[in-house]
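Given next are the chains, with one letter for each unit.
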Amino acid sequence: KGFVPANDLLAEGLAAPNFGGTIKLVKGEHGSFQGVYIGAGPYLSVRTSAAFDAGLTGVLATGVNVPNAAFPISNANEGQVALAITGGYRGRFAWGSGIGSGTDREGLYVAANYNYLHGFQYENDAMAITLRTAPDGLLIDASNILLNHRHATSGHGLSMDVGVGAVVDRWEVGFGASGLGNHINWSGVEQTTYTLPSLL
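Residues numbered from 1 in each chain as written. Predicted model: local features only at pLDDT ≥ 70, side-chain atom pairs only at ≥ 80, totals over all residues. Heavy atoms only, no water.

What follows is about the packing of aromatic side chains. What the rule picks out here adds up to one aromatic pair. In this structure, K24 packs its charged tip against the face of F33, placed 4.5 Å from the ring centre. Seen from the ring of Y37, R90 lies directly overhead, with NZ or CZ sitting 4.3 Å from the centre. (Phe/Tyr/Trp six-rings, centres within 6.5 Å; stacked < 30°, edge-to-face > 60°. Lys NZ or Arg CZ within 6 Å of the ring centre and 35° of its normal.)

If you want it as structure tokens, here you go:
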């Protein structure tokens, strides 16, 4: 009694630093250019989710046992490690006369990346726990745990990034989206199942 988790939990994140440079193929007036970007970097993603039965959180909140009940708990964790090899477009278009102060920093900036993802490590754990109670509301031997573990070391995928920004005098505004179409297809996935027939 006293520890009452949320019924549904979700946390996920992506770390994808990229290191590279732009080769300017076409240069124009006032610093405008068009070029290609070449880079690479690690691509790490993690995700975890959990679900607690509402009946169980009710017991934890009130301290009142529920007889002859089943309370399922599920948890899933996934992690992926890959290398992103990036090719992209970079462009800067100068404003026409009369817009801004005329510095070489001002203009419309456009960027797009295509990331080829080469996967090295995939881990996926899916756990299911079922808590069962007797007529007196206490746990019984039928309470159990099931865990499926999946593992792979080879995968291929892709993702895309796009962005646009504008600089006028001292003002800057921009918009971007990363990880579009983000996916990795893993091959040779192996699964191991663990079971604990009784928590007691």
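If you look at the biggest cluster of nonpolar residues, it comprises eight residues: Y43, A82, A84, L117, Y122, A152, I184 and W186. Of all the elements in the fold, those that place two or more residues in this core are β4 (70-93), β5 (107-132) and β8 (171-187). Ranked by size, the runner-up nonpolar core spans seven residues in total, among them V59, A69, F71 and I73. (Core = buried A, V, L, I, M, F, W, Y, C linked by side-chain atoms within 4.5 Å. Buried < 20%, exposed > 50% of the residue type's maximum accessible area, 1.4 Å probe, protein only. Helix = DSSP H or I, 4+ residues; strand = E, 2+ residues; numbered from the N terminus.)

What follows is about helix α1 (residues 54-62). Within the sequence span of α1, burial applies to L56, T57 and V59. Across the axial projection of α1, the buried residues extend over an arc of 155 degrees, all falling on one side. Residues of α1 that are buried sit in contact with β3 (33-52), β4 and β5. Capping of α1 at its N-terminal end is provided by D53; its side-chain oxygen lies 2.8 Å from the backbone amide nitrogen of G55. With its phi angle positive at about 80 degrees, G63 sits one or two positions after the end of α1. (Arc of directions from axis to C-beta. Contact = heavy atoms within 4.5 Å. Polar contact = N/O pair within 3.5 Å; in protein donor to acceptor, adjacent residues only side chain to side chain.)

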